[in-house]
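# Working through the structure, step by step
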Amino acid sequence: MPRVSMSSLTPPSEGDSAPNFTLYTDEQQPWRLSDHLDQPTVLLFFPGAFTSVCTTELNAVNNDLAAFEPAHVVGVSTDSPAVLSEFRSAQQLAFPLLSDHDANVCAEYGAKYNQNFTDMELDRVAKRSAFVVDQTGTIQYAEVLDDAGQQPNFDAIKRSVQGLKGQGSGPQ
């Protein structure tokens with residue numbers, strides 16, 4: 001898979017092809033987007049495990065997971081698989097968490113702070129973002145939040161997923 005330019009911070013828009021990627025799960029297993037296009041996929045980028053807003057976000061999704069069906073739901077952060085494993089276990093999350101430890105996928109999705117997350121100029125932190133990818137690999141919903149204290153529009157994400165029900169299987 002080609003390396004992503006860290007200067008590529010413009011998020012893909014609705015109607016664009018979703019950048020394909022492979023990341024490792026909290027169980028240290030490879031997870032490739034193109035392998036999960038049998039159903040819509042919801043990608044939830046979040047700044048960090050064990051932080052209050054991220055915990056609230058992922059628990060809100062987990063507690064209402066049936067409303068996101070039939071989509072695959074995954075969380076993506078720059079935390080290590082080990083940290084994500086502890087976080088997923090502590091929160092009893094029913095969906096996988098993916099480690100983008102180098103922030104390359106975050107950058108490709110325009111979901112990476114560019115040395116402006118805090119006064120410490122952290123440069124490897126995911127922006128809170130949500131993308132819905134349909135079975136053809138096309139982005140049907142895109143939301144990138146600059147304010148880490150905000151939550152994604154869960155109702156809009158669910159509407160996007162519901163609009164894809166019965167769309168058929170992914171690329172042949």
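Residues numbered from 1 in each chain as written. Predicted model: local features only at pLDDT ≥ 70, side-chain atom pairs only at ≥ 80, totals over all residues. Heavy atoms only, no water.

Further remarks concern the packing of aromatic side chains. Counted by the stated rule, this structure contains seven aromatic pairs. With 5.1 Å between their ring centres and 70° between their planes, Phe-50 and Phe-87 make a pair best called edge-to-face. Placement of the pair is Phe-50 in the loop between β3 (41-45) and α1 (52-63) and Phe-87 in helix α2 (residues 81-91), with a sequence separation of 37 residues. The exposure class assigned to Phe-87 is buried, which follows from its relative accessible area of 0%. Pairing Tyr-109 with Phe-131 gives two aromatic rings, centres 5.0 Å apart and planes at 70°, and the pair type is edge-to-face. (Phe/Tyr/Trp six-rings, centres within 6.5 Å; stacked < 30°, edge-to-face > 60°. Helix = DSSP H or I, 4+ residues; strand = E, 2+ residues; numbered from the N terminus. Buried < 20%, exposed > 50% of the residue type's maximum accessible area, 1.4 Å probe, protein only.)

It is worth spelling out the sheet that holds strand β6 (residues 129-133) at this point. The strand order across the open sheet formed by seven strands is β2-β1-β5-β4-β3-β6-β7, and the pairing between neighbours is mixed. Either end of the sheet is taken by a strand with one partner, and the two such strands are β2 (30-32) and β7 (139-144). On average, each strand axis in the sheet is tilted by 30° relative to the strand beside it, whichever way the strands run. Sheet strands in contact with α2 are β1 (22-25), β4 (72-77) and β5 (97-99), and its direction is about 165° off that of β5. (Pairing = 2+ DSSP bridges. Axes fitted to C-alpha atoms, helices over the stretch in contact; angles between N-to-C directions. Contact = heavy atoms within 4.5 Å.)

Moving on to the pattern of salt bridges. Evaluation of the coordinates by the stated rule reveals five salt bridges. Between Glu-57 and Arg-128 there is a salt bridge, and its shortest N-O distance comes to 2.6 Å. Placement of the pair is Glu-57 in helix α1 and Arg-128 in the loop between α3 (104-108) and β6, with a sequence separation of 71 residues. Look at Arg-128 and you get buried, because its relative accessible area is 1%. Linking Asp-155 and Lys-158 is a salt bridge whose minimum nitrogen-to-oxygen distance equals 3.9 Å. (Salt bridge = Lys/Arg side-chain N within 4 Å of Asp/Glu carboxyl O.)

Turning next to the pairing of β1. The pairing of β1 with β2 spans three bridges and is antiparallel. Residue pairing across strands places Leu-23 opposite Trp-31, the latter belonging to β2. The hairpin turn running from β1 into β2, its antiparallel successor, is four residues long, and Gln-28 in that turn takes a positive phi close to 60°. Relative to β5, β1 is paired through two bridges, and the arrangement is antiparallel. Within β5, the position partnered with Tyr-24 by the bridge is Ser-99.

Moving on to the pairing of β7. As paired strands, β6 and β7 are joined by five bridges and run antiparallel to one another. Residue Val-133 lies in a different strand from β7, and its bridge partner there is Ile-139. Linkage of β6 to β7, two consecutive antiparallel strands, is achieved through a turn of five residues, within which Gly-137 is found at a positive phi near 85°.

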